[in-house]
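Overview (structure and organization)
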Amino acid sequence: LVSEYMSSSSTDGMLPKVCGQQKVFNCMYDSDNFEACGKVLVAGSQLGLHLPMSEEDFQQECSAESKRPDSAPSKPAPAAPAAEPAAPATPAESKVCPASENSVLSVVTDLSPKCFQQCPQLCGPIDSLVSEYMSTASTDNMLPKVCAQEKVFNCMFEGDNFEACG
């Protein structure tokens, strides 16, 4: 689904696919998983995607989709979420890579602002990788670029950084 979205930038036709595997996606809303998955939902919302923020919203959207008389792809109308998950970062933390002008980078940094605060040298290389991925929707050429900057990326595995970055 992510590859399909990245190649087309369209959510048309996604809802039937997601609802077809509702049990798989329901795990996002389990109390044991919601802290981590809620960050992904918030990140998707920051990209302008409409994502159900509660299991109830998700079930309602899938129920409405299953009642559609035709099988044409649809975009769900944005609905106010029943309960917003906690934001992944405070405003001061949300711009942990202040030199970046890439609005999508915050989706990555918001997953673990502390990692980027402890390893600020990651900002430039990650910014470049995110930009490349957004323009190509491919990870094919990324590993050599990461390996070429091994010392920069090693920061994630040093001392207390692994807890924040791992």
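The structure this text deals with has already been given above.
What comes next concerns the included structure. These numbers come from a predicted model, not from an experiment. Each chain carries its own residue numbering, running from 1 in the direction its sequence is written. Under the rules for a predicted model, residues below a pLDDT of 70 receive no local features and side-chain atom pairs below 80 are neither given nor counted, while totals for whole chains, interfaces and linings still include all residues. Only hydrogens and water are set aside when side-chain values are computed; all heavy atoms of the structure are taken into account.

Observations concerning the state of the cysteines
The disulfide criterion is simple: two cysteine sulfur atoms within 2.5 Å. Within the structure shown, the criterion is met by four disulfides. Between C19 and C62 runs a disulfide, and the two sulfur atoms are separated by 2.1 Å. Taking the torsion about the S-S bond as the criterion, the C19 to C62 disulfide, at about -85°, is left-handed. Highlighted residues: C19 in helix α2 (residues 14–19) and C62 in helix α5 (residues 55–66), separated in sequence by 43 residues. By definition, any uninterrupted DSSP run of H or I lasting at least four residues is a helix, any uninterrupted run of E lasting at least two residues is a strand, and each is numbered from the N terminus.

Quick word on helix α9 (residues 123–136)
Between the first and last C-alpha of α9 there are 20 Å, a value that for 14 residues agrees with the 20 Å anticipated at 1.5 Å per step. Taken as a whole, α9 has its buried residues at C123, P125, I126, D127, L129, V130, E132 and Y133. The positive-phi residue at the C-terminal boundary of α9 is A137, with phi of around 55°. Take the residue count of a helix, subtract one, and multiply by 1.5 Å to get its expected span. Burial classes follow relative accessibility: with a 1.4 Å probe on protein chains only, a residue under 20% of its type's maximum area counts as buried, one over 50% as exposed, and anything between as partly exposed.

As for the nonpolar core
Here the nonpolar core consists of buried residues drawn from Ala, Val, Leu, Ile, Met, Phe, Trp, Tyr and Cys, with membership extended through side-chain atoms lying within 4.5 Å. C97, C115, F116, L122 and I126 are the most contacted members of the largest nonpolar core, which totals 18 residues. For this core, the secondary-structure elements that each account for two or more residues are α8 (113–118), α9 and α12 (161–165). With five residues, the single largest contributor to this core is α9. Beyond its immediate sequence surroundings of up to four residues, F116 is in contact with V96, C97, V108, T109, L122, C123 and I126. In terms of nonpolar packing, the next biggest core, distinct from the first, is built from 11 residues, Y29, C37, V42 and F58 among them. Pairs of residues are marked as contacts when any of their non-hydrogen atoms sit within 4.5 Å.

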